[in-house]
Amino acid sequence: MAEGNRTLVAPSILSADFGHLAEEVKRIESGGGDWIHLDIMDGVFVPNITFGPPMVSALRRHSRLPFDTHLMIINPEKYVSKFVDAGADIITIHYEATVHVHRVLSQIREFGKKAGISIVPSTPAAMLTELLPELDLILVMTVNPGFGGQQLIPQTLQKVSQLVEMRHRGEHRYLIEVDGGINGGTCKLAIEAGADVLVAGSAVFESENIEKEINALRCR
Ligand code: DX5
Ligand code: ZN
């Protein structure tokens, strides 16, 4: 998944035009996005509802980019196989959404998919200690999940630096992704903290020029 030290950008279609999602996904691809970030919300784990596996499957036909599915749903184990069938490449579950996190991560990997875990702003990075060898990706929420267009909570970036340190110490290989409030003003802070992948919704879709915005987020 990683390409050297290049920062990857994963535009989130949460801020895209839901009436034209196929075109929006193509705009991400032609604009140089690395992954497509798909926010799955169940109205229970977070106070918002988006879409499920049928939408992921429908969009799959319109892009070759890796599908980075962020499951903000309780008991994700019930739906892992459905997202696999729909064409997800990376399946990220929330640490706070199920008791048997380790089992679900193994389930994802048994399907041959990349397994990710996400933590909300109030969950410390240290809670992931026992899981580190099982992880391809750690998604640090830099806002409280549920909505696009919120402001980044600066303290959350300390967890990114801690996870970089934990990766080095344990010789782990996971990528670190940040999600929420990433824009031209905050991307540098996230990259300096050690983020490998930046999710950006409103910054990308509210810009006049997606390609230019994606490049600006990489801070090159
Ligand atoms: C929020 C979602 C994010 C959201 C980010 O719960 O997980 O992926 O799309 O939106 P922005 O980039 O606008 O903060
Ligand atoms: Zn997300």
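The model shown is predicted, which means the values in this text are computed figures rather than measured ones.

## Focus on the overall build of the chain
When helices and strands are counted, the chain shows 8 helices and 8 strands. A compact globule built from 220 residues should have a C-alpha radius of gyration of about 17 Å, and the chain, at 16 Å, falls within 12% of that. In the chain, which comprises 220 residues, the share counted as buried stands at 53%. By sequence separation, contacts in the chain at least 24 residues apart represent 63% of the contacts at least 6 residues apart. Carbon and sulfur atoms form 49% of the exposed surface of the chain, whose accessible area is close to 10,000 Å². Between the mean site of the 20 positive side-chain charges and the mean site of the 27 negative ones, the chain shows a separation of 4 Å.

## Some words on the nonpolar core
By size, the foremost hydrophobic cluster in this structure holds 58 residues, and its most contacted members are I13, I117, I138 and L163. Once residues lying within four places of it in the same chain are set aside, the contact partners of I138 are I117, L128, L132, L163, Y174, L175, I176 and E177. Grouped together as the second largest cluster of nonpolar side chains are 8 residues, L8, A10, W35 and V197 included.

## Some remarks on the site of ligand 1
As a matter of local geometry, ligand 1 sits amid 20 residues, with D39, G146, D179, G201 and S202 nearest to it. Within the backbone of G181, one N or O atom sits 2.8 Å away from an oxygen atom of ligand 1. Sorting the residues of the shell around ligand 1 by element identifies β2 (36-41), β3 (67-72) and β8 (197-200) as the ones contributing at least two each. When residues in the shell around ligand 1 are grouped by element, the largest group, 3 residues, is from β2. Its residues assigned to classes, the shell around ligand 1 comprises 8 nonpolar, 10 polar and 2 charged.

## So, the coordination of the zinc ion (ligand 2)
Distances from the zinc ion (ligand 2) to its protein donors, H37 (NE2), D39 (OD), H70 (ND1) and D179 (OD), fall at 2.0 to 2.3 Å. Geometry at the zinc ion (ligand 2) is octahedral, judged from its 6 donor atoms and the angles of 70 to 168 degrees they form at the metal. On the primary sequence, the residues serving as donors to the zinc ion (ligand 2) are separated as H-x1-D-x30-H-x108-D. Within this pair, whereas H70 is found in strand β3, its partner D179 is found in strand β7 (residues 175-179), the two being separated by 109 residues in sequence. Comparing H70 with D179, the two get one shared label, buried.

## So, the pattern of salt bridges
What the rule picks out here adds up to 8 salt bridges. A salt bridge links R27 to E24; the shortest N-O distance between them is 2.9 Å. Of this pair, R27 and E24 both sit in helix α1 (residues 21-30), separated by 3 residues, roughly a single helical turn. Given the relative accessible area of 37%, R27 is considered partly exposed. The partner of D34 in a salt bridge is R218, and the shortest N-O contact between them spans 2.7 Å. Placement of the pair is D34 in the loop between α1 and β2 and R218 in the segment after α8 (210-217), with a sequence separation of 184 residues. Each member of the pair, D34 as well as R218, carries the same accessibility label: buried.

Calculation rules
Residues numbered from 1 in each chain as written. Chains lettered and ligands numbered in written order. Predicted model: local features only at pLDDT ≥ 70, side-chain atom pairs only at ≥ 80, totals over all residues. Heavy atoms only, no water. Helix = DSSP H or I, 4+ residues; strand = E, 2+ residues; numbered from the N terminus. Rg over C-alpha atoms; globule rule 2.2 N^0.38 Å. Buried < 20%, exposed > 50% of the residue type's maximum accessible area, 1.4 Å probe, protein only. Contact = heavy atoms within 4.5 Å. Areas by Shrake-Rupley, 256 points an atom, 1.4 Å probe, with all protein chains shown as cover. Lys, Arg positive; Asp, Glu negative; His and termini not counted. Charge placed at Lys NZ, Arg CZ, Asp CG, Glu CD. Core = buried A, V, L, I, M, F, W, Y, C linked by side-chain atoms within 4.5 Å. Near = heavy atom within 4 Å. Polar contact = N/O pair within 3.5 Å; in protein donor to acceptor, adjacent residues only side chain to side chain. Nonpolar A, V, L, I, M, F, W, Y, C, P; charged D, E, K, R; others polar. Donors = N, O, S within 2.8 Å, 3.2 Å for Na, K, Ca; no water. Tetrahedral: all angles 85-135°; square planar, octahedral: opposite > 155°, others 65-115°. Salt bridge = Lys/Arg side-chain N within 4 Å of Asp/Glu carboxyl O.

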